[in-house]
Amino acid sequence: MTPLEFDARHLWHPYTNVAKPGPMHLITEAEGVWLTRDDGVRMIDAMSSWWCAIHGHRHPAITSAMAEQLGRMPHVMFGGLTHTPAIELGRKLVAMLPEGLDRTFYCDSGSVSVEVALKMAVQYHKARGRDGKVGFATIRGGYHGDTWKAMSVCDPVNGMHGLFRGALSIQHFVPRPPVAFGAPWPEDPAQNGLAPLAQLLAEQGEAIAALILEPVVQGAGGMYFYHPEWLRGARALCEAHDVLVIFDEIATGFGRTGEMFAMDHAGIAPDILCLGKALTGGHISFAATVATAEVARTIGESAAGVFMHGPTYMANPLACAAGCASLGLLETGAWRAQVAAIAQQMQAELAPARDLPGVADVRVLGAIGVIEMTAPVDPTIAHRLAPQTGVWLRPFARNIYAMPPFTITPQELSRVTSAMVALAGGVA
Ligand code: PLP
């Protein structure tokens, strides 16, 4: 059996049919924006391997920090012990986050970071004697991960987890903010989409622990960019109803939207923030849930005292070292001009797709470019074409999209946008 035959017969891949596996590429090397197949074929990773590889793959600053840490201490438990990589990463996070968000809980993946945030919100309210606040409000079309509670705050009707509907706890959904990023903001709540949230909180606020959402960009739920002003209004409504706000910046964090965090477009901060993906620049799985001092202190001063969560590999030193190196690269500030240039080039080069039949919309925000089709796109078409175009794309639902590493050159980016436009033309 060849390696690919073994893979097709014995391994699961994410959101891939085991009965009809489709094309698969055996990748043996990744460097910068390039992925290399076992037969030497090279493809640009236009997905940054699902938002992660912002500095490109195998960045020397990150691999050397990890190698150094590997030689010293690959892992040690975090209960009762601490270590310099965790402390240094915490220092960097606190320095780059809005004031007040200053208590970091490290975890292994984005979904777990969402679980931790939801648990923190419930425990915070319990600590204040508000035992009934156990539900969550969220926006339709959102995506927060694949674990049980995270699935319950994804859209059960239109989202990926509808299959599990009867098994998921029921949460409170408000319609997607109707005003797009960059559109004029109507002050009337009936028009700007804040009215349904106001009504929900007025009616059910007593039973709601937190509002969880992806600020400004709904990713896997449709690559939709909405108006930051909605976030400011939502924040104020939540404060009025004693409902915490959780921002899921797992996809958008660390420069992707043109600001360090998507919430910076609105100039506000949540009570709890979920980070992941690009935290290690795509070098190792890692995530963090950052709470305000108020949330942490309230839990700490409660009868329970401790926050009831503690992953075995919490604060893994290798991952912390990767995170420190990745944030160190962001601290140089070079990302801002890189992302702005990517945005400008994608705006120009994706624009012709607007005239193609079957294209519903073309939009760009920061280093995220989207061609939205009127019908779902079969991702296997892109997978088959990748060796010819030299561009790795993984369309999802109706969207052909790219979020390349910030280090991509203009020539490489042109290959990506050409492949996207060609794909849109081909599947239209
Ligand atoms: N939240 C958002 C916004 C995401 O985009 C994702 C993953 O795509 C997650 C949570 C889940 O992260 P992970 O896949 O690391 O569990």
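About the thresholds
- Residues numbered from 1 in each chain as written.
- Predicted model: local features only at pLDDT ≥ 70, side-chain atom pairs only at ≥ 80, totals over all residues.
- Heavy atoms only, no water.
- UniProt positions renumbered as here; feature names shortened; annotations may be inferred.
- Phe/Tyr/Trp six-rings, centres within 6.5 Å; stacked < 30°, edge-to-face > 60°.
- Helix = DSSP H or I, 4+ residues; strand = E, 2+ residues; numbered from the N terminus.
- Buried < 20%, exposed > 50% of the residue type's maximum accessible area, 1.4 Å probe, protein only.
- Lys NZ or Arg CZ within 6 Å of the ring centre and 35° of its normal.
- Axes fitted to C-alpha atoms, helices over the stretch in contact; angles between N-to-C directions.
- Parallel < 35°, antiparallel > 145°, perpendicular 65-115°, else oblique.
- Left-handed = near helix turned anticlockwise from the far one by under 90°.
- Contact = heavy atoms within 4.5 Å.
- Nonpolar A, V, L, I, M, F, W, Y, C, P; charged D, E, K, R; others polar.
- pLDDT = per-residue confidence, 0-100.
- Near = heavy atom within 4 Å.
- Polar contact = N/O pair within 3.5 Å; in protein donor to acceptor, adjacent residues only side chain to side chain.
- Areas by Shrake-Rupley, 256 points an atom, 1.4 Å probe, with all protein chains shown as cover.
- Arc of directions from axis to C-beta.

If you look the chain up in an unreviewed UniProt entry, it shows as Adenosylmethionine-8-amino-7-oxononanoate aminotransferase from Rhodobacter flavimaris. For the chain, the Catalytic activity (unreviewed entry) comment in UniProt is given as "(8S)-8-amino-7-oxononanoate + S-adenosyl-L-methionine = S-adenosyl-4-methylsulfanyl-2-oxobutanoate + (7R,8S)-7,8-diammoniononanoate".

A. Highlighting the packing of aromatic side chains. Applying the stated criterion across every chain, the model contains seven aromatic pairs. Between the aromatic rings of phenylalanine 105 and phenylalanine 307, the centroid separation amounts to 5.4 Å while the plane-to-plane angle is 85 degrees, which identifies the pairing as edge-to-face. Of this pair, phenylalanine 105 sits in strand E4 (residues 101-107) while phenylalanine 307 sits in the loop between helix H10 (293-300) and helix H11 (317-331); the two residues are 202 residues apart in sequence, bridging distant segments of the chain. Both residues of the pair, phenylalanine 105 and phenylalanine 307, belong to the buried class. Ring centres 6.2 Å apart and planes at 85 degrees place the aromatic pair tyrosine 226 and tryptophan 230 in the edge-to-face group. With respect to class, tyrosine 226 is no different from tryptophan 230; both count as buried. Within the aromatic cluster, the residues linked to one another by ring pairs are Phe78, Tyr106 and Phe286. Stacked on the ring of tryptophan 34, the Lys or Arg arginine 42 has its end atom at 4.2 Å from the ring centre. Across the ring face of phenylalanine 225, the terminal group of arginine 363 is positioned such that the distance to the ring centre comes to 5.9 Å.

B. Focus on the packing of helix H5 (residues 110-127) against H10. Packing of H5 against H10 leaves a shortest axis separation of 8 Å and a crossing angle of 60 degrees. Comparing their axes, H10 and H5 come out oblique. Every pair of crossing elements has a handedness; the one defined by H5 and H10 is left-handed. The segment H5 lies against H10, with Met120, Gln123, Tyr124 and Ala127 engaging Glu294, Val295, Thr298 and Ile299. Tallied by class, residues from the contact of H5 with H10 come to five nonpolar, two polar and one charged.

C. Quick look at the confidence of the model for the chain. A residue-level look at the chain finds 99% of positions with pLDDT of 70 or above and a mean pLDDT of 96. Across the interface, the model reports ipTM at 0.99; the global pTM reads 0.98.

D. Structural view of the site of the ligand. In the vicinity of the ligand, the contacting residues are Ser109, Gly110, Ser111, Tyr143, His144, Gly145, Glu214, Asp248, Ile250, Ala251 and Lys277. Contact distances for the ligand include 2.9 Å between an oxygen atom and a backbone N or O atom of glycine 110. Between the ligand and lysine 277, the relevant distance is 2.9 Å, taken from an oxygen atom to a side-chain nitrogen or oxygen of the residue. Within the complex, 80% of the 390 Å² of free accessible area of the ligand lies under protein. Residue composition of the shell around the ligand, grouped by class: three nonpolar, five polar and three charged.

E. Representation of H10 in the model. Within the sequence span of H10, burial applies to Val295, Thr298 and Ile299. What you see down the axis of H10 is that its buried residues fit within an arc of 95 degrees, all on one side. Its buried side turned inward, H10 meets H5, strand E10 (244-248), strand E11 (272-275) and strand E12 (287-292).

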